[in-house]
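Listed below are the residues making up each chain.
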Amino acid sequence: MVSEHNQKWSAFLVRITVRGSGWFALAYLGYWLALALDRIVVQAVAYPLMGMPVTDWSVTPFRLRIANGIPAEWSSGLAPSAALPAILDVMLLVLLAACGLRLRSASLRTVCHFAGLWAVLLLTTEGATLAYWGRVRLAQYNVQIARLSADQLIVRSGVAALAALVVLAGGRMCSRRLVAELQRSILPREGWTWLALTLMILPVLLVLAGTFGFVLRFVGPRAFFYLLVPAGFCLLLALLGLLRQRKAPTATQFPALSSGQAFGALCTSVALGAALAEAPRVPSWLTERNLRRFSSSHHQVLYDPGAFSADFIRQFAQERERILAAETRRLNLSPNPSGTGRASPIHLRIVLYPDLSSFRKATGIERTYGVEGTTIRAVLGGYIKEVDPAADAAALLNAAWGRAGSPRMGDWAAEWLAGEWHGRTVDDCAAQIEREQGHYLLAQLVANNSDAFLSPLVRTPLGAAWMGTVVRRSGLEAVHKLYSAKLSEPNTASLAALLDTRPADLEQEWHDWAVRVALAPEADPVPRRSLDPNFFFRGISFSHEGWGGRGGGYVSPEAAAELRRLKALGANAIAVVPYGFSRSTNEESISYTDSDETDEDLTQALYVAHGLGMKVMLKPQLWVLRGGYTGTLHFEDPAARGAWMRNYREFILHYARLAELERFDLLSIGTELEGLTPYQEEWRRLIADVRRVYHGPLTYAANWGREFESLGFWDALDYMGINDYYPLAAGPTTLVEELLPGAEKLAAKFEAMSLRWQKPILFTEVGYPSRRGGSSEPWVEDNGRPVSLEEQAAAYEATFRAFAGKPWLRGMFWWKWPSSGRGGGPLEVSYTPLRKPATEVVRAWFTRLAASTQQTPAPVRVR
């Protein structure tokens, strides 16, 4: 009996494994069928026919993104096609359900039913997301509904109800068929309802997890809408499918999924996944096949003749030949090996891109270059004046020694071989970091678990310098060992074993060398930089807002166009805002190396702004992932607070070093951390550390109210920064005259603060949402309140009248303007003045302030 029982369970497990894998594969294929039809039919076909051409696209194993341009005449409100995706999705659902009923193949029917289910889930998720915080807010719908006549409202409500019934019925039918197939072909008996529900929902959860790269960050509403809403709705449809279900279809009506079909579906899914995983290479290939080629002794350069002249490419190739010769000498190699051995002449391939935007679109790489084998793909244009020699070094090492055993050792070996970092030797950079920031243990530098917390501007030059000490201690062969070793989790013990020494000795040797080079006198001390004391920042907070995939953000053409637009608006400064992340308000660690606002993004925005004659403030901020407010970060325990301050020091010093390397005009050392700023001695030490690294002016963006008024270390900074969200009145009003007394009262308070500390004040943020009550509660961005463009414009006007021309105020940065140029308009309640009357208030005042900073400009009349 026991043997028979075991045999039954073994057979059941085999059945679940084989057919379950096919089930998951069919779910994945159904997902892609629904996704591809939805995106292609709507965005690649219907939208272009309506005047919205495809501007960008990208594909990954779980995502298909197509971006469309928006005609200028639609920018002031909702496009006429706002309901089109929903209509086409409903039609798509009906089509898939009909196909699922008529197809003879059980596998194809299952794919169609899964596609129908996915069409329902995608439509539900998009609707929930848009309703909560997407491009179309609920408040906008409320405004539109209020403008409809009774007949129009009845018609639209009826259409919406009918569409909802079709969606629900179609989803129930698809789920019922899928449950029947489960009970027929996979489950041992019909009564295992719990297993049927699990097998229905699990593929949905896995695919959704795949869209996040299987690294889910639970960030409140985002995770809820993108993960739990579709999974919950899938469960609801599955329960409806089980409810009042008639007897399961017979074998002739719905034949079981065979093992062969399951295996075939699995193979198809794997092949599709593998092809999609390689999809980022498709844009690269499409780009490179149309490029012109230039060959030298050891290089082939691919370039766009419209972006690079033939003479420039010839000189570029000559410089690469010089770099290659120098690097091969350091490796004791010859670029032209002779003899009958296996060695062959070194030949490198370089693909040049004229800007970061085209480079990322083609490669998906976040850095300024990427190396694959002996092929280098690199940006050469904009702020990037030369290709990093480390790229040549990495390709040379691949040619000479093969692929690196670990990314860490590969990067360090390449930087050591290049011999320079940001135009200085790696040893000089290491000595500078040691002097400015103190000593970093080799264990810190090599550990993978510090990737999110340790600045690459520190790790990379120090790692390259350490690799140089290895060469001096043990010779080139030791570097070869480190480079080739398979180190999935490198640490000092594994490095010491490769170098025939002890971990403690390895650490001590690194410490002794770093201290010794740091004690050497600095050749050219960097002088302190300061702005003109009369300079007035006519500023805008320029927010990094892309649209997923490889589009948008600070490096995009749209961002450059928006900066030109801000310049025409009269702005002479912007603030760029990178984010670091804490998981909760009691979390001591801070991650920041995977921020969307990469160092390259920030530097590109700086380059474009400087080219337009604008100043740039670098304003790093923290984001609490689980919905907390940074002002509530607080640690009573001195040990916990000390740990947080050490982590915050690493975070802010990274951006201080970036600000110094790239010459940002102003640096904010923090934003709205009022739970921690009372410990002013810690902050004074931090400010001293920052000043050793960054030699420009400093500020701190204090929260309005208690933090700004009680901060105790304003004297250690150059500007008193405030995020000004003080109320201007006791209640909502659209009259400037009713807001002006409150603004003037604030001006008197700020003047007293400035006189007390003998420091100028800077509005690091100031803004008002375009909703009713935006002037009386400017800190609240409530999508449920009605739009009031007039109140926002009146608050802007009152602020300018009260503060412009005050000698103690050195500028204001209005919150905020999206780098994508999207959003805003008369139906949106957000802070941005984009496409709202407040824009014209800003234009008028900025223009007058630019013409004369000595006289208070005449007021701008607001209707």
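Look up a bit, the structure's there.
We now turn to the structure provided with this report. (Residues numbered from 1 in each chain as written. Predicted model: local features only at pLDDT ≥ 70, side-chain atom pairs only at ≥ 80, totals over all residues. Heavy atoms only, no water.)

1. Examining the overall build of the chain
Put simply, the rule is: Put simply, DSSP marks the helices as runs of H or I at least four residues long and the strands as runs of E at least two long, and each gets a number from the N terminus on. Whether a residue is buried, partly exposed or exposed follows from its accessible area with a 1.4 Å probe, protein chains only, as a fraction of its type maximum: under 20%, in between, or over 50%, in that order. We call two residues contacting when some pair of their heavy atoms lies within 4.5 Å. Methods summary: accessible areas were calculated by the Shrake-Rupley approach with a probe of 1.4 Å, and residue burial reflects only the protein chains presented.
Within the chain one finds 27 helices and 19 strands. Residue burial in the chain is summarised as follows: out of 863 residues, 53% are buried. Expressed as a percentage of contacts within the chain between residues at least 6 apart in sequence, the contacts between residues at least 24 apart total 74%. Summing over all exposed atoms, the chain offers an accessible surface of approximately 38,200 Å²; the carbon and sulfur share of this is 57%.

2. Examining the pattern of salt bridges
Rules: In the sections that follow, a salt bridge refers to a side-chain nitrogen of Lys or Arg positioned within 4 Å of a carboxyl oxygen of Asp or Glu.
Using the criterion set out here, one finds 29 salt bridges in the structure. Measuring nitrogen to oxygen at the nearest pair gives 3.0 Å for the salt bridge that ties Arg360 to Asp601. Residue Arg360 is found in helix 11 (residues 356-363), and its partner Asp601 is found in helix 21 (residues 599-611); the two are separated by 241 residues along the sequence. Of the charged contacts in the structure, one is a salt bridge between Glu436 and Arg657, with a shortest N-O distance of 2.8 Å. Placement of Glu436 in helix 14 (residues 426-437) and of Arg657 in helix 22 (residues 638-662) is noted, with a sequence separation of 221 residues between them. Arg657 matches Glu436 in its accessibility class, with the two residues each being buried. The network of salt bridges with shared partners includes Arg649, Glu650, Asp689 and Arg692.

3. A look at the packing of aromatic side chains
The line we're drawing: By convention, a stacked pair of Phe, Tyr or Trp rings (six-membered ring in the case of Trp) has centres within 6.5 Å and planes under 30 degrees apart, an edge-to-face pair has planes over 60 apart, and any other such pair is tilted. Placement of a positive charge over a ring is assigned whenever Lys NZ or Arg CZ falls within 6 Å of the ring centre and within 35 degrees of the normal to the ring plane.
The tally for this structure, following the rule as stated, stands at 38 aromatic pairs. Measuring from centroid to centroid gives 5.7 Å for Tyr579 and Trp623, while their planes differ by 85°, and the two rings are edge-to-face. Separated by 44 residues along the polypeptide, Tyr579 in strand 12 (residues 579-582) and Trp623 in strand 14 (residues 621-624) bring together distant segments of the chain. For Trp623, a relative accessible area of 45% corresponds to the partly exposed category. For the ring pair Tyr768 and Trp814, a centre distance of 6.3 Å and an interplane angle of 50° mean the geometry is tilted. Here Trp814 lies in strand 19 (residues 809-818) and Tyr768 lies in the loop between strand 18 (761-766) and helix 26 (789-803), a separation of 46 residues in the sequence. The ring of Tyr369 is capped by Arg367, whose NZ or CZ atom sits 4.7 Å from the centre of that ring. For Lys615, the ring lying beneath its charged end belongs to Phe535, and the centroid distance is 5.7 Å.

4. A short note on a nonpolar patch on the surface
Counted only if it meets this: Here a patch means residues that are over 30% exposed by relative accessible area and free of salt bridges, tied together within 9 Å if like-charged and within 5 Å if nonpolar (Val, Leu, Ile, Met, Phe, Trp, Tyr).
Together, Ile40, Val45 and Leu49 line one region of the surface with nonpolar side chains, adding up to about 300 Å² of accessible area. Along the chain, Ile40 falls in helix 1 (residues 2-49).

5. Quick notes on the sheet that holds strand 16 (residues 698-703)
As a reminder of what qualifies: By the convention used here, strands pair only if DSSP detects at least 2 bridges between them. For helices, the fitted line uses only the C-alpha atoms of the stretch in contact; every axis is such a line through C-alpha atoms, and the angle between N-to-C directions lies from 0 to 180 degrees.
The strand order around the closed barrel built from eight strands is 10-11-13-15-16-17-18-19, with neighbouring strands paired in parallel fashion. Strand-to-strand, the axes of this sheet are offset by a mean angle of 25°, without reference to chain direction. Examined bridge by bridge, strand 16 and strand 17 (residues 719-724) share five bridges and lie parallel to one another. Its bridge partner lying in strand 17, Asn703 is registered against Asn723. Sheet strands in contact with helix 27 (residues 837-851) are strand 10 (537-543) and strand 19, and its direction is about 140° off that of strand 10.

6. Description of the nonpolar core
Here is the rule we go by: Here the nonpolar core consists of buried residues drawn from Ala, Val, Leu, Ile, Met, Phe, Trp, Tyr and Cys, with membership extended through side-chain atoms lying within 4.5 Å.
Of all hydrophobic cores here, the largest spans 160 residues; its most connected members are Trp466, Trp644 and Trp683. No other element matches the eleven residues that helix 22 contributes to this core. Among residues more than four places away in sequence, those in contact with Trp683 are Trp644, Met645, Tyr648, Ile669, Leu673, Leu676, Thr677, Tyr700 and Phe713.

7. Focus on the environment of Gly419
Take Gly419: it is sitting in the loop between helix 13 (407-418) and strand 8 (420-421). The spacing of Gly419 and Gly468 is 49 residues in sequence and 9.0 Å in space, taken between C-alpha atoms. Contact partners of Gly419, with chain neighbours within four places excluded, come to Arg330, Arg424, Thr425 and Val426.

8. Here we look at the pairing of strand 17
Most of strand 17 is tucked away, with six of its six residues classed as buried. Here strand 17 shows a buried face lined by Tyr719, Gly721 and Asn723 and a second buried face lined by Met720, Ile722 and Asp724. Relative to strand 18, strand 17 is paired through five bridges, and the arrangement is parallel. Bridging across to strand 18, Gly721 finds its partner in Leu762.

9. Describing the sheet that holds strand 7 (residues 375-379)
Strand pairing in a sheet relies on backbone hydrogen bonds, with the paired strands running either antiparallel or parallel. Across the sheet, which stays open at both edges, the five strands sit in the order 3-4-5-7-6 with mixed pairing between neighbours. The open sheet has two edge strands with one neighbour each: strand 3 (292-295) and strand 6 (369-372). This sheet shows a mean twist of 20° between the axes of neighbouring strands, independent of strand direction. Pairing between strand 4 (residues 299-303) and strand 5 (residues 348-353): four bridges, direction parallel. Each residue of the ladder has a partner; that of Gln300, found in strand 5, is Arg349. The sheet contacts of helix 11 involve strand 5, strand 6 and strand 7, and relative to strand 7 the element is tilted by about 140°.

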